Amino acid sequence: MRLATLTSGGDCPGLNAVIRGIVRTANNEFGSTVVGYLDGWVGLLEDRRQDLYDDQWMDSILLRGGTILGTGRLHPDKFKAGLDQIKHNLEDAGIDALIPIGGEGTLKGAKWLADNGIPVVGVPKTIDNDVNATDYTFGFDTAVSVATDAIDRLHTTAESHNRILIVEVMGRHVGWIALHAGMAGGAHYTVIPEHPFDIEEITKAMERRFQMGEKYGIIVVAEGAVPKEGTLDIELGGEDEFGHQTFTGMGQLIGNEIHKRLGYDVRTTVLGHIQRGGTPTAYDRVLATRYGVSACRAAHEGDYGTCVALHGEDINLVSLEDAVDKLKQVPEYRYQTARSMFG
């Protein structure tokens, strides 16, 4: 059997572990070969590929962040218009099944290919942990660890200067990173997209800290956070060419409002892409490897139109339809648990 794989969308710690899991399993268990398409769907459409061998180089990529295949984004219209070319390229390369690794957008593309007759097994990837039908996606644990380390470091400098420090983390539509990092790092307030914030409530929480003698504060803000309607005027950033919302700095906006209302020294740190980079944690390496092994086995067993998923301690298969049915948002009860620690 001859498999193909690619990585699409934003890069993520653990991608190389998935690739390694696919290649080594194909070679060791099935005697199969694997092709990697470069730069995501663009490479598949343009037929830019390379053979992936189970050699010393493949063994060493486990430790590396990013992706050895490169990644990118392709507009959905161009993607769908290229169906015939994609089919031709896969047939010309002798590909029996495709294993795309990516987040919600990539898995939607995978489902569309499966619906159009291409044998596909998906692997869920995103630091945001927002893919439905799986408990966790690899990359999330690394992103939370990076954010938590930043919060840990900011506690001491905030306390030394009697400042309020705001840490803006990734999370376009969901607040999993903010929720976990805020709780692990002992943040005094956490703001997530699923729960519109009241700036007056945040301001009062910070004022209480200073009045009680705790003359500093740490606030974690997910980039996609929004205020309750009518509580704060904001300027939306619109959308990029791929339909993704662009942001105007919610952390900074909240900081400006706190300073305006209380007069305290407020500084904002935006972690940005630092959360995506670097060596994956041990947990993400293990999860990503298990995903790669399971996806390779599923392809050899003909379980197409599926996506590997973590349920408890087990890796199962779910339909691609279930995987992209909706975003996995932070449930209210989880946010209320975090709220118990605010202040």
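Cut-offs applied
Residues numbered from 1 in each chain as written. Predicted model: local features only at pLDDT ≥ 70, side-chain atom pairs only at ≥ 80, totals over all residues. Heavy atoms only, no water. Pairing = 2+ DSSP bridges. Helix = DSSP H or I, 4+ residues; strand = E, 2+ residues; numbered from the N terminus. Axes fitted to C-alpha atoms, helices over the stretch in contact; angles between N-to-C directions. Contact = heavy atoms within 4.5 Å. Expected span 1.5 Å × (residues − 1). Buried < 20%, exposed > 50% of the residue type's maximum accessible area, 1.4 Å probe, protein only. Phe/Tyr/Trp six-rings, centres within 6.5 Å; stacked < 30°, edge-to-face > 60°. UniProt positions renumbered as here; feature names shortened; annotations may be inferred. Right-handed = clockwise from strand over helix to strand, strands pointing away. Salt bridge = Lys/Arg side-chain N within 4 Å of Asp/Glu carboxyl O.

Considerations on the sheet that holds strand 5 (residues 121–124)
Okay, so step 1: Strand order in the open sheet formed by 7 strands is 3-2-1-4-5-10-11, with mixed pairing between adjacent strands. One side of each edge strand has no neighbouring strand; the edge strands of this open sheet are strand 3 (49–52) and strand 11 (314–319). The mean inter-strand angle of the sheet, taken between neighbouring strand axes irrespective of direction, is 30°.
Okay, so step 2: Judged from the 4 bridges that link them, strand 2 (residues 33–37) and strand 3 form a sheet pairing that is antiparallel. When the bridges of strand 3 are listed, Val35 appears paired with Asp51.
Okay, so step 3: Sheet contacts for helix 6 (residues 104–115): strand 4 (97–102), strand 5 and strand 10 (306–311); angle to strand 4, the most-contacted strand, approximately 160°.

What to know about helix 1 (residues 15–30)
Okay, so step 1: Along its 16 residues, helix 1 runs 22 Å from first to last C-alpha, staying within 8% of the 22 Å computed at 1.5 Å per residue.
Okay, so step 2: Among the residues of helix 1, those classed as buried are Leu15, Asn16, Ala17, Val18, Ile19, Arg20, Gly21, Ile22, Val23, Thr25 and Ala26.
Okay, so step 3: Remark: Gly31 follows helix 1 within two positions and exhibits a positive phi of approximately 65°.

A look at the packing of aromatic side chains
Okay, so step 1: Across all of its chains, the model carries 7 aromatic pairs by this definition.
Okay, so step 2: With centroids separated by 6.3 Å and ring planes inclined at 65°, the aromatic side chains of Phe138 and Tyr291 adopt a geometry described as edge-to-face. With a gap of 153 residues between them, Phe138 in the loop between strand 5 and helix 7 (140–161) and Tyr291 in helix 11 (residues 282–300) connect regions that are remote in the sequence. With respect to burial, Phe138 and Tyr291 carry one shared label: buried.
Okay, so step 3: Between the aromatic rings of Phe210 and Tyr264, the centroid separation amounts to 4.0 Å while the plane-to-plane angle is 15°, which identifies the pairing as stacked. Of the two residues, Phe210 sits in helix 9 (residues 199–211) while Tyr264 sits in the loop between helix 10 (250–262) and strand 9 (266–270), which places them 54 residues apart along the sequence. The same class applies to Phe210 and to Tyr264, which are both buried.

Structural notes on the UniProt feature "binding site: Mg(2+)" (unreviewed entry) in the chain
Okay, so step 1: Look at the UniProt record and you will see "binding site: Mg(2+)" (unreviewed entry) annotated at Glu104.
Okay, so step 2: Topologically, Glu104 is positioned in helix 6.
Okay, so step 3: Dropping the residues within four chain positions of it, Glu104 is found in contact with Val131, Val324 and Leu327.

Some points on the sheet that holds strand 6 (residues 164–169)
Okay, so step 1: Strand order in the open sheet formed by 4 strands is 7-8-6-9, and the pairing between neighbours is parallel. Two strands in the sheet have a free side with no partner beyond their single neighbour: strand 7 (189–191) and strand 9. Averaged over all pairs of adjacent strands, the angle between strand axes in this sheet comes to 20°, irrespective of strand direction.
Okay, so step 2: Across 3 bridges, the pairing between strand 7 and strand 8 (residues 217–222) is parallel. In the sheet register, Tyr189 faces strand 8, and the bridge partner there is Ile219.
Okay, so step 3: In the packing of helix 9 onto the sheet, the strands contacted are strand 6, strand 7 and strand 8, and the crossing angle to strand 7 comes to about 165°.

Observations concerning unusual backbone geometry
Okay, so step 1: With a phi angle near 60°, Asp47 is a residue other than glycine that sits in the positive phi range.
Okay, so step 2: Tracing the backbone shows Asp47 in the loop between helix 2 (41–46) and strand 3.
Okay, so step 3: Of the residues examined, Asp47 reaches a relative accessible area of 26% and is grouped as partly exposed.
Okay, so step 4: With phi around 55°, Asn162 is a residue other than glycine that occupies positive phi space.
Okay, so step 5: Looking at the element boundaries, Asn162 is found in the loop between helix 7 and strand 6.
Okay, so step 6: Using a relative accessible area of 40% as the deciding quantity, one classes Asn162 as partly exposed.

Side note on the pairing of strand 8
Okay, so step 1: Buried residues dominate strand 8, accounting for 6 of its 6 residues.
Okay, so step 2: Residues Gly217, Ile219 and Val221 of strand 8 are buried on one face, and the alternating residues Ile218, Val220 and Ala222, pointing to the opposite face, are buried as well.
Okay, so step 3: For the handedness criterion, the β-α-β arrangement of strand 7, helix 9 and strand 8 is classed as right-handed.

Section: the UniProt feature "active site" (unreviewed entry) in the chain
Okay, so step 1: Residues given the UniProt feature "active site" (unreviewed entry) here are Asp128.
Okay, so step 2: Of note, Asp128 is situated in the loop between strand 5 and helix 7.

Overview of the pairing of strand 10
Okay, so step 1: By the criterion of burial, strand 10 is predominantly enclosed, with 5 of the 6 residues buried.
Okay, so step 2: Of the strand pairs in this sheet, strand 5 and strand 10 are connected by 2 bridges, and their pairing is parallel. Paired with Val121 across the bridge in strand 10 is Thr306.
Okay, so step 3: With 6 bridges joining them, strand 10 and strand 11 adopt antiparallel strand pairing.

What to know about the pattern of salt bridges
Okay, so step 1: Per the stated rule, a full pass over the model turns up 19 salt bridges.
Okay, so step 2: Note that Arg48 and Glu46 form a salt bridge whose closest N and O atoms lie 2.9 Å from each other.
Okay, so step 3: Salt-bridge contacts for Lys111 lead to Asp115; the nearest nitrogen and oxygen are separated by 2.8 Å. Placement of the pair is Lys111 and Asp115 together in helix 6, with a separation of 4 residues, close to one helical turn.

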